[in-house]
Amino acid sequence: MENIKAIRGFDDIFFEEAKKFRYITNTFRELFRLYNFEEIILPIVEYKELFDRSVGEITDIVQKEMFVFEDKSKRVLALRPEGTAGVVRSVIEHGMLYKKPFLKLFYEGPMFRYERPQSGRKRQFHQIGCEVLGLDNPITDFEIIKLCFDAFKKLNIDITLEINSIGCPVCRPKYREALTNYLKDIEGLCKDCEERRFKNPLRVLDCKVETCKELTKEAPVMLDYLCENCSNHYKSLKTYLDSFGVPYKENPRLVRGLDYYTKTVFEFIKDGLTLLAGGRYDNLVESLGGPKTPAVGFAAGIERIMLFLKSEYKEDLYAVVYIENTVVEALKVANILREKGKRVELVSKGSNLKKKLEIADKLGASYALIIGPEELKKGVYILKNMNTKEQQEIENLEQLFST
RNA sequence: GAGGAUGUAGCUCAGCUGGCAGAGCGAGGGAUUGUGGAUCCCUAUGUCGCGGGUUCGACCCCCGUCAUCCUCCCCA
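Parameters and conventions
Residues numbered from 1 in each chain as written. Chains lettered and ligands numbered in written order. Predicted model: local features only at pLDDT ≥ 70, side-chain atom pairs only at ≥ 80, totals over all residues. Heavy atoms only, no water. Near = heavy atom within 4 Å. Polar contact = N/O pair within 3.5 Å; in protein donor to acceptor, adjacent residues only side chain to side chain. Patch = residues over 30% accessible without salt bridge, like charges linked within 9 Å, V, L, I, M, F, W, Y side chains within 5 Å. Areas by Shrake-Rupley, 256 points an atom, 1.4 Å probe, with all protein chains shown as cover. Salt bridge = Lys/Arg side-chain N within 4 Å of Asp/Glu carboxyl O. Helix = DSSP H or I, 4+ residues; strand = E, 2+ residues; numbered from the N terminus. Domains from an automatic or database assignment. Buried < 20%, exposed > 50% of the residue type's maximum accessible area, 1.4 Å probe, protein only. Arc of directions from axis to C-beta. Contact = heavy atoms within 4.5 Å. Phe/Tyr/Trp six-rings, centres within 6.5 Å; stacked < 30°, edge-to-face > 60°. Axes fitted to C-alpha atoms, helices over the stretch in contact; angles between N-to-C directions. Parallel < 35°, antiparallel > 145°, perpendicular 65-115°, else oblique. Left-handed = near helix turned anticlockwise from the far one by under 90°. Nonpolar A, V, L, I, M, F, W, Y, C, P; charged D, E, K, R; others polar. Core = buried A, V, L, I, M, F, W, Y, C linked by side-chain atoms within 4.5 Å.

1. Some thoughts on the protein's contact with RNA strand B
No. 1: Of all residues adjacent to RNA strand B, which total 51 residues, the nearest are Arg 113, Arg 121, Arg 196, Arg 256 and Lys 389.
No. 2: A share of 50% of the atoms of RNA strand B within 4 Å of the protein falls on sugar and phosphate groups.
No. 3: Here a base oxygen of RNA strand B sits 3.0 Å away from a polar atom, N or O, in the side chain of Glu 115.
No. 4: Within the side chain of Arg 116, a nitrogen or oxygen atom sits 3.2 Å from a base oxygen of RNA strand B.

Put into structure tokens, the structure is as follows:
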């Protein structure tokens, strides 16, 4: 009988990794609180059609990366590949936009994409992200970018912010046409770009192949084609970023993969890997049947951020060690320490003091509190510093909290 | 979905043109019944990823399969 193993691309996260994971989500959650976001907890399964209509039918995510299945009633369902679609669906379904002047929602949870796993890319991965619905002012774009900037600062990760504007339905078609015209006559593009040039010409711009980069050096730039509205929006955003000293790199070739983006797009990139990305999507709500509603959002890849999170979290551990028949006293001591907020392990395993201290050591305890019959008689505890080996008798546990 | 590398003890890895399965770390125990970590001694590590094939004989060669890592495609 072969042992059952985890499914390909579905990883277990535990010990130090789980701590990192929570450290990241807690950091974002605290910022969401400061920026007045509300949490929204959504299902992991939706009708497949939702993603077809939001993410975009021609995207790879929809065409080849979704976990799609039929349930017992022949409904065609999908594990969510991203978070925005579900948020928008929910907002429309519950008429939330009619109840509040605007919405600021954040979410956190697993996403699923059927891809070949590699580092920073799993089939089940986790995102934390947010959506602001009902605000079209670039100040909102700025605020969520600032929130991300704050997050990476708190996480102590040096990262590059890239921004761009990809226009709107007024100006983008003109640009697209200009770009297609330009690409039409280029020869020597890579195989992928040959396909992309008509299917999704914007993607040719961020091809990694050197010859493609070289060949498209003179390609027209979206920024030159922005309509007045989009152009002003982009300029204001930059003004806000500048005035707050948020460093960014303008990347006119930054294109996001999902169909719904308009105007502002941005990515936080570390060593060529996108850790967080987002942008504005002013038409998605309407296209999914809701009222015309401008929106901006982002999503951060938690596992990807974990790759660059180096800090160690050290919290003192008190090992309460008892000898012979002092168990009850030890239980009481452990209880008091816990009530005072200390992290405590009562060492019940191990038959003698030597063993118990060995175990305390292996657990990584910073202090051991030793309680034996002699101490009980004298009314003291032995406090041993596990790093320095020094130990002292203390009469009162309060002494632990004064220093 | 395409290309490449790798699967041997809990972990990191040796293993000769094909001839008895190995080391280090870690784990458990110990002369010491009240003092741990870098010492010493002892002990156990196992479906050599899985399934076929070739062979007197396969960890080693061949085919398939699964998984991991890397590069693409794409994306957080």
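2. Describing a nonpolar patch on the surface
No. 1: Taken together, the side chains of Ile 44, Val 45 and Phe 69 make up a nonpolar region of the molecular surface, amounting to roughly 200 Å² of accessible area.
No. 2: Among the secondary structure elements, Phe 69 is positioned in strand β3 (residues 68–70).

3. Quick notes on the domain arrangement of chain A
By a widespread convention, an interface's size corresponds to the accessible area lost as its parts come together.
No. 1: According to the domain assignment, chain A contains domain 1 (16–171 + 226–306) and domain 2 (317–402).
No. 2: Here the C-alpha centre of domain 2 lies 49 Å away from the C-alpha centre of domain 1.

4. Observations regarding helix α15 (residues 353–363)
No. 1: Residues of α15 that are buried: Lys 356, Leu 357, Ile 359 and Ala 360. Looking down the long axis of α15, one finds its buried residues gathered within 155° of arc, a one-sided arrangement. Residues of α15 that are exposed and point over 90 degrees away from its buried face: Lys 354, Asp 361 and Lys 362.
No. 2: Residues of α15 that are buried make contact with β12 (317–322), β13 (343–347) and β14 (367–371).

5. Things to note about the packing of aromatic side chains
No. 1: Inspection of the entire model under this criterion finds 17 aromatic pairs.
No. 2: Consider the rings of Phe 10 and Phe 67, whose centres lie 5.8 Å apart with planes at 85°: the pair is edge-to-face. Note that Phe 10 is positioned in the segment before α1 (16–34) and Phe 67 in the loop between α3 (60–64) and β3, a separation of 57 residues in sequence. Across this residue pair, the class does not change: Phe 10 and Phe 67 are buried.

6. Things to note about the packing of α1 against helix α6 (residues 138–154)
No. 1: Look at α1 against α6: their axes get within 10 Å of each other, and the N-to-C directions meet at 140°. By the angle between their axes, α1 is oblique relative to α6. You can see that α1 and α6 cross each other, and the crossing is right-handed. Between α1 and α6, the residues in contact are Tyr 23, Thr 27, Phe 28, Glu 30, Leu 31 and Phe 32 and Leu 147, Asp 150, Ala 151 and Lys 154, respectively.
No. 2: A class-by-class count of the residues in the contact of α1 with α6 yields 6 nonpolar, 1 polar and 3 charged.

7. Some details on the nonpolar core
No. 1: In this structure, Phe 28, Phe 32, Phe 37, Phe 266, Leu 276, Phe 298 and Ile 305 are the most contacted members of the largest nonpolar core, which totals 58 residues.
No. 2: The dominant element in this core, judged by the number of residues it contributes, is α6, at 7 residues.
No. 3: Sequence-distant contacts of Ile 305, defined by excluding residues within four places in its chain, comprise Ile 24, Phe 28, Phe 152, Leu 155, Ile 157, Leu 275 and Ala 300.
No. 4: Grouped together as the second largest cluster of nonpolar side chains are 33 residues, Val 88, Met 96, Leu 103 and Leu 105 included.

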